[in-house]
Every structure is written in C-alpha cells, then in structure tokens.
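Below are the chains, spelled out letter by letter.
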Amino acid sequence: MLKPWIQAQPRLVEVAAGRAPADLVIRGGQWVNVHTREVIPGIDVAVADGRVAYVGPDAGPSIGPDTQVIEAMGRFMVPGLIDAHMHVESGMLTPAGFAGAVIPHGTTTILHDPHEVANVLGLEGVRLMRDESLLQPISMFTQMPSCAPSAPGLETTGAPITEGEVAQAMGWKGIIGLGEMMNFPGVAAGDPQMLAEIAATVAAGKTVGGHYASPDVGRPFHAYVAGGANDDHETTTEGQGIARVRQGMGCMMRLGSAWYDVASQITAITEKGLDPRFFILCTDDSHSGTLVHDGHMNRVVRHAIACGCDPLVAIQMATINAASHFGLERELGSITPGRRADVILTSDLAALPVELVIAQGRVVAEQGRLLVDCPRIDWPERARNSVRLGKRLAAEHFRALASGDSVRARVIGVVENQAPTRALEADLPVQGGVIEPVGDVCHIALVERHRGTGGVVNGFVSGFGYRGRVAVASTVAHDSHHMIVVGTDRQTMAAAANHLGDIGGGVTVFRDGAELATVALPIAGLMSDLPAPEVAEAAQAIVRAMQDCGCTLNNAYMQHSLLALVVIPELRISDLGIVDVRSFQIVDLTV
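None of the values given here were measured: they were computed from a predicted structure.

Across the sheet, five strands lie side by side as β6-β7-β8-β9-β10; this open sheet has parallel pairing. At either margin of the open sheet sits one strand with a lone partner, and together these are β6 (81-86) and β10 (207-210). Looking at each pair of strands side by side, their axes are set apart by 25° on average, direction ignored. Examined bridge by bridge, strand β7 (residues 107-112) and strand β8 (residues 139-144) share four bridges and lie parallel to one another. Counted as the bridge partner of T109 is S139 from β8. On the sheet, helix α4 (residues 123-134) packs against β7, β8 and β9 (175-181) and is oriented at approximately 165° with respect to β8.

Now the structure itself:
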C-alpha cells in the first residue's frame with residue numbers, strides 16, 4: 001500500500017541499503033531513465049510501501065521470503081504513463097470505469113478536469129468526482145473547474161461555479177490545481193472573478209490550467225499569459241505551440257478521439273530541435289470506444305513516435321514532463337527512489353506493447369487484463385435525475401421561422417478532426433414561414449435541460465452528410481451540457497429528444513421515427529456506471545448508426561458533442577442563441 005513519502009522514508013532507506021526485504025522486486029530489466037534520456041541494461045528495481053526504494057544492479061539483498069519477484073527478462077522498464085489534461089466524462093464513464101479502461105494500457109496517473117459534471121451539478125459534482133477518483137488503484141488527481149459557465153453571457157449552465165468555491169476546493173485533498181481557464185477573453189480583459197480564481201490557485205501553490213483558443217498571439221495573448229495560466233492544450237500548429245513555450249507555458253499536445261494535434265506541432269522538436277521539456281502529451285477527450293479498442297496514453301506515445309519523435313523523448317513527454325509541470329516530480333513520473341512505483345514492462349519502446357503494469361507497487365494489469373478492482377461511490381439521486389425538459393417536444397419546436405421566399409442563414413461548419421468550426425453562410429428556402437435546410441445543411445437545435453424551461457434554440461449545421469429522416473440527440477453538449485439535436489426531419493428530432501428525456505440522458509440515433517442506437521448516460525446525463533466494454537459497445541453502435549445515416553466524418557459523435565462549445569471559434573449554438581466566437585457575441589440566425 002502507498003504511504004506518504006515521509007512515513008515510508010525509514011523503510012525505503014532500509015530496503016535500499018539491503019537491510020530489509022522489499023515488497024516487490026523487478027529483476028533484470030532495461031531501465032528507461034527519463035531524467036537522463038538513456039536506457040540502462042541489467043537493472044533491478046526494489047519497491048516498498050508502494051514506492052521505489054532502490055534502482056541498480058542486483059537487488060538480491062533486498063529480496064526476502066515474502067518479496068514478490070518479477071523477472072523482466074531484458075524488457076524495458078518504463079515509467080507509468082501520465083495523462084496531463086483530460087475529461088473523464090468524455091469517455092461516458094465515471095472515474096472508476098475510466099480507470100478500469102486505461103490501466104491495462106499503462107496509464108497510472110490521470111489529471112482530470114470535471115468541468116462537464118460541474119456544469120450540471122456544480123461544486124457537489126466536483127466533490128463526487130474527486131471522491132471516486134481518490135478510491136482508485138492509480139493516481140487520479142482532480143482539477144477544480146474554473147469556468148461554469150465557460151463564457152458568461154453566452155450560455156446558461158446548470159450550476160455556476162464561483163471564485164469562493166474555487167478557493168474552498170483548493171484546500172481539498174486530491175485537488176491538484178485549477179481546470180482549464182476557458183474564459184480567455186475575460187482574463188485578458190481583467191475580469192475580477194477570473195483573476196480571483198487564478199490568484200486563489202497560485203496562493204495554494206497549485207497549477208493553473210490554460211485554454212487560449214485563438215490564433216491571435218498579440219496583446220490579448222500576452223495579457224492572458226500574464227494572468228497566470230501555466231499551460232495550453234488548444235494549440236494546433238507548430239507556431240502556436242512554440243509561442244506558448246517561449247512564454248513559459250507548457251504546450252500540451254493532444255491526441256484524443258477527435259483531436260489530432262500532435263503531428264502538426266511535434267516538428268518543433270523533431271525538426272526545429274527545440275528543448276522538449278515544456279512539451280507534454282495528453283488526450284483531452286477520449287471516447288470509450290477509443291479507450292477499449294485503441295488505447296489511451298500508450299496510443300498517444302506511439303503516435304508521437306510515428307511522427308518522427310525519438311521514443312525516449314516521447315516517453316518523457318508522457319511522464320516526467322507532465323509530473324514536473326504539476327510539481328509532482330518528487331512523487332511520480334520516473335522510476336527513481338521515493339517515487340510512486342508506477343512501472344510498465346514492454347518488449348519494444350517504439351511499438352510500446354504494454355505487457356505488465358505496476359501502479360503504486362501493485363501489479364494492476366497484465367497482457368491487457370485488469371487485475372484489480374476499481375471502487376465506485378454510490379451516486380446520489382440528484383446526480384441521476386438531471387434531465388429536465390419541462391415539456392414534451394414536438395416537431396413545431398424545431399422550426400426556424402422567417403418571412404419571404406428565402407434567407408441567407410448562418411451555418412455552423414464542422415471541421416473533421418478539429419475542435420474549431422467554420423462560420424459559414426447559405427441561401428436557404430423559406431416554406432410556409434419556416435426555413436428549410438437543403439443539400440448538406442441540417443437542422444440543429446439546443447434544448448434547455450437543466451431548469452425545465454422548455455426553451456429550444458434552432459439553427460443550421462453542415463458537414464455531417466445525413467440522408468433520409470434522421471436525428472441524433474445528445475445530453476453531452478460541451479460545455480453547459482444542455483441537449484443538442486441534429487437532424488434532417490423535425491418530427492424525428494422531437495422523438496429523439498423525448499427519448500433522452502425519458503431515460504435521463506445519453507446519446508441516441510433515430511431514423512424514420514425509430515430508434516437505431518442509444519447509450520444511456522443516467523449520471524448527470526453524461527456518464528454510465530456500466531463497465532467500460534459495455535459502454536464502448538453501445539458507443540460503437542452509435543458510431544455505426546451515424547455512418548448508416550450517411551455520416552462519413554471520423555468520430556462524428558465527438559464533433560456533435562462540441563457544437564455548443566462557445567469558447568472555441570468560430571460559430572456555435574447555445575441556449576441563448578447563435579454565438580459568433582470570433583467576436584464573442586450572440587448573432588442573428590439570418591444575415
């Protein structure tokens with residue numbers, strides 16, 4: 001069992017000196033040293049009280065009759081992988097379900113920002129996520145969400161977060177810092193609440209997560225950096241990443257289910273030869289299907305290597321760089337004395353097959369099999385009853401009204417594999433006072449679901465390619481998490497929306513009035529408490545159903561869930577209207 005270092009110190013000394021037996025010894029491995037960026041053969045590792053006690057040749061003196069001995073047989077001993085920025089809820093899983101999904105892939109530390117739950121349940125939701133995280137057999141640190149709503153005045157959240165609550169949470173066990181500060185215009189403008197949240201975090205000696213989703217690196221960018229953000233994961237180009245690092249920020253390069261931002265930035269290291277210390281790998285958002293079938297941080301590391309990165313540098317960016325960024329380098333991120341004994345055994349550094357996983361001194365997975373329990377909390381009724389539509393929806397609620405024979409309408413343009421959208425315009429016909437989509441343009445509606453107001457905002461979106469009478473509805477709708485419905489037929493849209501209201505939230509695909517696939521997400525309308533493989537199977541059914549309806553986008557569901565993300569350009573929808581994120585203004589649907 002893991003003990004605080006100060007309690008474990010005397011025994012660590014005894015084991016390292018060979019005067020006391022270790023709990024576990026890994027014998028005969030190749031030590032991947034992320035401090036010196038070298039591989040050292042013929043090394044043993046001795047573990048006591050969940051921490052590394054000794055790393056060197058021949059740990060025989062530390063082996064007693066009850067010591068568990070693992071023969072590495074020349075395999076590489078890699079530090080357990082760290083996801084430096086992510087959102088558990090994006091996997092449609094609770095912290096326990098997420099941990100169970102990623103442990104076999106070699107992830108032993110997660111730093112997560114539960115701002116999805118915070119937007120639905122407020123501080124209570126953050127505490128629940130923190131509570132379940134602390135129960136896990138790996139290290140799961142929680143960042144206190146900073147922005148609920150993410151853009152005040154442009155959306156209405158289920159439960160606003162205040163600067164007082166942020167300051168309160170900084171004293172909680174398991175809180176590692178402030179979640180991504182998405183209100184970058186507010187910080188740059190000197191908004192008192194945003195600055196107070198950052199100040200409270202810095203006063204607690206913790207890290208401030210950043211989010212600067214703009215290509216502008218002029219005065220607003222410099223003002224944002226001066227405001228105290230320590231990192232940014234919204235960079236998508238080499239130049240953007242370099243600009244952050246030059247200002248002392250960590251550049252978090254993400255590979256999620258829908259984000260492919262590593263290849264376009266890693267050239268700063270592989271071609272320009274910049275110091276990689278402030279470049280960090282992360283996932284941000286990973287679909288449950290991605291976790292079960294493709295991997296987690298091991299997938300990101302392999303991708304970085306495939307993009308030309310030295311395997312040892314890629315491993316550094318997923319271990320010691322992340323640990324150092326959060327001030328945790330004395331706790332984790334390397335296989336060195338005093339650190340948590342988080343180790344992967346692998347036979348190939350480039351392909352990175354995860355053959356054995358040790359977390360906090362325990363063998364937790366082997367050959368893709370989870371070997372430990374991931375405890376769950378009992379989620380309260382309030383968390384399971386969060387979808388309140390206020391009325392039964394009908395086709396008439398999904399009409400965008402206008403006069404004349406045609407209008408020029410604003411259209412949200414989806415960009416495959418990217419978080420930003422395009423602000424498009426299209427000439428659409430008006431029939432009987434109702435604007436009708438044509439070609440690739442679909443209806444989009446945002447249905448208020450936190451307070452039961454019955455409110456519906458209508459607009460248009462392109463890029464999904466749906467054919468026939470189709471509707472896709474989801475109560476996962478970053479960041480305020482109302483309900484987003486995209487479709488080609490208003491009656492089908494109403495049927496899909498009502499179905500989610502009946503089951504308490506989730507994602508569903510309807511065609512010709514009939515349900516094709518559904519993932520039930522009864523916890524905050526965001527998460528399931530079923531095992532990851534079952535959730536992944538249901539989620540894959542959603543993906544297949546969207547494809548059957550004509551959509552060819554890669555991971556189109558993730559794109560769907562981000563259509564209301566009013567802090568990332570260019571055009572979005574919220575419960576208050578159509579939002580032009582370039583100017584941070586609510587605009588008319590018609591031009």
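Read on for the rest.
Note: strand β27 (residues 571-574) against strand β28 (residues 577-580), four bridges, orientation antiparallel. Of the residues in β28, the one forming a bridge with R572 is V579. Relative to strand β29 (residues 585-587), β28 runs antiparallel, the two sharing three bridges. Bridged to I578 within β29 is V587. As consecutive antiparallel partners, β28 and β29 are separated by four residues, and within that stretch F584 has a phi angle of approximately 50°, a positive value.

You can see E132 is positioned in helix α4. Here E132 is buried and forms no salt bridge, its nearest opposite-charge partner R376 lying at an N-O distance of 4.7 Å. A distance of 2.9 Å separates a polar atom in the side chain of E132 from the backbone nitrogen of A96. At 3.2 Å, the side chain of E132 forms a polar contact with the side chain of W379.

Glancing now at the UniProt feature "domain: Amidohydrolase-related" (unreviewed entry) in the protein. Under the present numbering, the feature "domain: Amidohydrolase-related" (unreviewed entry) in UniProt falls on residues 76-364. End C-alpha atoms of residues 76-364 are separated by 18 Å, and the span's content is 35% helix alongside 19% strand.

If you trace the nine strands from one edge of the open sheet to the other, you get β20-β19-β18-β22-β21-β24-β23-β25-β26, paired in mixed fashion. On the outer flanks of this sheet lie β20 (434-435) and β26 (514-520), each paired with one strand and no other. The sheet contact formed by strand β25 (residues 506-511) and β26 spans six bridges and is antiparallel. Bridge pairing in β26 places F510 opposite E515.

By the element assignment, G289 lies in helix α11 (residues 288-293). Sequence separation between G289 and L312 is 23 residues; the distance between their C-alpha atoms is 28 Å. With near-sequence residues (within four places) excluded, G289 lies in contact with D294, A536 and Q540.

A complete count under the given rule lists 24 salt bridges for this structure. With a closest N to O distance of 3.2 Å, R254 and E234 form a salt bridge. Here R254 is found in strand β12 (residues 250-254), whereas its partner E234 is found in the loop between β11 (231-232) and α9 (238-246), with 20 residues between them in sequence. Salt bridges sharing common partners tie together K3, R11, D23 and D49.

About the thresholds
Residues numbered from 1 in each chain as written. Predicted model: local features only at pLDDT ≥ 70, side-chain atom pairs only at ≥ 80, totals over all residues. Heavy atoms only, no water. Pairing = 2+ DSSP bridges. Helix = DSSP H or I, 4+ residues; strand = E, 2+ residues; numbered from the N terminus. Axes fitted to C-alpha atoms, helices over the stretch in contact; angles between N-to-C directions. Contact = heavy atoms within 4.5 Å. Buried < 20%, exposed > 50% of the residue type's maximum accessible area, 1.4 Å probe, protein only. Lys, Arg positive; Asp, Glu negative; His and termini not counted. Salt bridge = Lys/Arg side-chain N within 4 Å of Asp/Glu carboxyl O. Polar contact = N/O pair within 3.5 Å; in protein donor to acceptor, adjacent residues only side chain to side chain. UniProt positions renumbered as here; feature names shortened; annotations may be inferred.

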